[in-house]
Amino acid sequence: MPGLAECQSLLRLLIARGDPKAIPLAKGAIDQFLSTAPVSARGRGLRVLQRDALDQHDVAVGVQRSFAETVDAYIERKLAEA
């Protein structure tokens, strides 16, 4: 899928840092993935990203956990829009 690996890598980095100021960057990465991925692959790609964010959430603490929850919620909204 176009851009999935790049988006996933960036989201992992951002979650690890847990900086709330980077939330727009995470949302932008997800939006960019959606704009470049074929329509038929968007839902599957979002679920891959969501599963990865939830996996990080399970091992994160504090601000990293909160950031992962924010990413998950944004992906969930995007899935609902699809």
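For the structure itself, look to the data block above.
Residues numbered from 1 in each chain as written. Predicted model: local features only at pLDDT ≥ 70, side-chain atom pairs only at ≥ 80, totals over all residues. Heavy atoms only, no water.

**Q** Can you help me understand the packing of helix α3 (residues 39-59) against helix α4 (residues 62-81) in this one?
**A** Relative orientation and spacing of two packed helices are given, respectively, by the angle between their axes and the distance between those axes. At a minimum axis separation of 9 Å, α3 and α4 run at an interaxial angle of 160 degrees. Relative to α4, the element α3 lies roughly antiparallel. Of the two possible hands of crossing, α3 and α4 adopt the one that is left-handed. Contact residues: α3 offers Gly43, Leu46, Arg47, Leu49, Gln50, Ala53, Leu54, His57 and Asp58, while α4 offers Arg65, Ala68, Glu69, Val71, Asp72, Ile75, Glu76, Lys78 and Leu79. By residue class, the composition of the contact of α3 with α4 is eight nonpolar, three polar and seven charged. (Axes fitted to C-alpha atoms, helices over the stretch in contact; angles between N-to-C directions. Helix = DSSP H or I, 4+ residues; strand = E, 2+ residues; numbered from the N terminus. Parallel < 35°, antiparallel > 145°, perpendicular 65-115°, else oblique. Left-handed = near helix turned anticlockwise from the far one by under 90°. Contact = heavy atoms within 4.5 Å. Nonpolar A, V, L, I, M, F, W, Y, C, P; charged D, E, K, R; others polar.)

**Q** Where do I start with α3 in this structure?
**A** At 3.6 residues per turn, the α-helix brings residues three or four places apart onto the same side. With 21 residues, α3 ought to run about 30 Å at 1.5 Å a step, and its terminal C-alpha atoms sit 32 Å apart, in line with that. Of all the residues in α3, the buried ones are Ala41, Gly43, Gly45, Leu46, Leu49, Gln50, Asp52, Ala53, Gln56 and His57. The elements touched by buried residues of α3 are α1 (4-17), α2 (23-36) and α4. (Expected span 1.5 Å × (residues − 1). Buried < 20%, exposed > 50% of the residue type's maximum accessible area, 1.4 Å probe, protein only.)

**Q** Mind showing me how you'd approach the nonpolar core here?
**A** As a rule of thumb, nonpolar side chains are buried together in soluble globular proteins. Among the nonpolar cores identified, the biggest contains 21 residues, and Ile30 and Val71 are the most heavily contacted of them. Broken down by secondary-structure element, the contributors of at least two residues to this core are α1, α2, α3 and α4. Aside from chain neighbours lying at most four places away, what touches Val71 is Leu11, Ile15, Ala26, Ile30 and Ala53. (Core = buried A, V, L, I, M, F, W, Y, C linked by side-chain atoms within 4.5 Å.)

**Q** Where do I start with the pattern of salt bridges in this structure?
**A** Charged atoms that come close allow side chains of opposite charge to pair. Throughout the structure, instances matching the rule amount to four salt bridges. Residues Arg51 and Asp55 are paired through a salt bridge, measuring 2.9 Å at the closest nitrogen-oxygen approach. Of this pair, Arg51 and Asp55 both sit in helix α3, separated by four residues, roughly a single helical turn. Look at Arg51 and you get partly exposed, because its relative accessible area is 43%. On the basis of relative accessible area, Asp55 is assigned to the partly exposed category, the value being 37%. By sharing partners, the salt bridges in this structure join Asp31, Lys78 and Glu81 into a single network. (Salt bridge = Lys/Arg side-chain N within 4 Å of Asp/Glu carboxyl O.)

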